[in-house]
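Understanding the architecture of this molecule
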Amino acid sequence: QLSMEKVDGVWLMSDFDARKQDCINYIANNRKEQALRDAISDYLVKEIGPQYKQGEFCIPTLMIVAAEETGINRARVWGDFWIWWYNQSGDTLMTVSGGNHSGLMGIVMQDGKPVVTAFVQTVDGSGNDSSARTLFGSHYDIYKNMHSNQDVREAVRREQLSEYVKSHNLNINYYKDYGWDAVKL
């Protein structure tokens, strides 16, 4: 919606209302995406995390390949999800255990919040690629590019670990996998 405003004595047409609505939409979408990420992280920590040797902190890494709304209050999310357990040693998160859980999650809104209600994972071993092709469908190439690129995975892991450390006020500056050099956050 355009409006008129007087600037330095001159009447100008302004699209302020349209820009304001764009900002409101952006903020709403950002909050919606963050709530979705939080729901996926919670699910991975509670449902998948206990399958691993546990440490002090269970911190997932999420690489969302695609998401689509499938109806009112329903969505599907395809992703390359990793679960990691860490112990703190000084200013370093030491990896205890972890693994990959790629697949397709079903999400529903419950009490105004997204909740994971289903998770179909790719299979391990020789059937992995064919199950990934089936699960990811038209999103397979994006998934394969994410999943097979170690540099991308580690960059996302480092970024999400940094966000976790900051949001939990932890005195952590590095993370370290067994047998590898520490990585600065």
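Presented here is a report on the structure given in the accompanying data block. Being a predicted model, the structure only gives us computed values, none of them experimental.

With that out of the way, let us pick up the overall build of the chain. Scanning the chain from terminus to terminus reveals 4 helices and 9 strands. Along its sequence from the N terminus, the chain presents helices and strands in the succession β-β-α-β-β-β-β-β-α-α-α-β-β. By residue count, 35% of the 185 residues in the chain fall in the buried class. Long-range contacts, defined as pairs at least 24 residues apart, comprise 50% of the intrachain contacts of the chain with a sequence gap of at least 6. Summed over its atoms, the accessible surface of the chain is roughly 11,600 Å², and 50% of this surface lies on carbon and sulfur atoms.

Ile40, Leu44, Phe81, Met105 and Ile107 are the most contacted members of the largest nonpolar core, which has 17 residues in total. Put simply, the parts of the chain that give this core at least two residues each are α1 (16–48), β5 (74–89), β6 (92–110) and β7 (113–121). Ignoring sequence-local partners within four residues, the contact set of Ile107 consists of Leu36, Ile40, Asn73, Arg74, Ala75, Val77, Pro114, Val115, Val116 and Thr117. Residues Met63, Trp84, Tyr86 and Val165 belong to the second largest nonpolar core, which totals 12 residues.

Throughout the structure, instances matching the rule amount to 6 salt bridges. Residue Arg133 is joined to Asp129 by a salt bridge in which the shortest nitrogen-to-oxygen separation is 3.1 Å. With a gap of 4 residues between them, Arg133 and Asp129 both fall in helix α2 (residues 128–136), about one helical turn apart. For Arg133, a relative accessible area of 48% corresponds to the partly exposed category.

We now examine the pairing of strand β4 (residues 61–71). Here β4 runs beside β5; their pairing, made up of 9 bridges, is antiparallel. When the sheet's bridge partners are listed, Ala66 is paired in β5 with Trp78. Here β4 hands over to β5 after 2 residues, with Asn73 in that stretch at a positive phi of 65 degrees.

Another aspect to go through is unusual backbone geometry. The backbone of Asn73 shows a phi angle near 65 degrees, a positive value even though the residue is not glycine. Assignment of secondary structure puts Asn73 in the loop between β4 and β5. For Asn73, a relative accessible area of 47% gives the class partly exposed.

Let us now look at the side chain of Ser102. You can see Ser102 is positioned in strand β6. Side-chain polar atoms of Ser102 contact the side chain of Asp80, separated by 2.6 Å.

To continue, consider the pairing of β7. Judged from the 8 bridges that link them, β6 and β7 form a sheet pairing that is antiparallel. Its bridge partner being in β7, Met105 is matched across the sheet by Phe119. Between β6 and β7, which pair antiparallel one after the other, the connecting turn spans 2 residues, and Asp111 there sits at a positive phi close to 55 degrees.

On to the packing of α2 against helix α3 (residues 140–147), then. Working note: a packed helix pair is described by the angle between its axes plus the distance between those axes. Between α2 and α3, the least distance of the axes is 8 Å, while the angle of their chain directions is 130 degrees. If you check the angle between α2 and α3, you find them oblique. Here Asp129, Ala132, Arg133 and Phe136 of α2 come into contact with α3, specifically with Tyr140, Tyr143 and Lys144. Tallied by class, the residues present in the contact of α2 with α3 amount to 4 nonpolar, no polar and 3 charged.

What counts, and at which threshold
- Residues numbered from 1 in each chain as written.
- Predicted model: local features only at pLDDT ≥ 70, side-chain atom pairs only at ≥ 80, totals over all residues.
- Heavy atoms only, no water.
- Helix = DSSP H or I, 4+ residues; strand = E, 2+ residues; numbered from the N terminus.
- Buried < 20%, exposed > 50% of the residue type's maximum accessible area, 1.4 Å probe, protein only.
- Contact = heavy atoms within 4.5 Å.
- Areas by Shrake-Rupley, 256 points an atom, 1.4 Å probe, with all protein chains shown as cover.
- Core = buried A, V, L, I, M, F, W, Y, C linked by side-chain atoms within 4.5 Å.
- Salt bridge = Lys/Arg side-chain N within 4 Å of Asp/Glu carboxyl O.
- Pairing = 2+ DSSP bridges.
- Polar contact = N/O pair within 3.5 Å; in protein donor to acceptor, adjacent residues only side chain to side chain.
- Axes fitted to C-alpha atoms, helices over the stretch in contact; angles between N-to-C directions.
- Parallel < 35°, antiparallel > 145°, perpendicular 65-115°, else oblique.
- Nonpolar A, V, L, I, M, F, W, Y, C, P; charged D, E, K, R; others polar.

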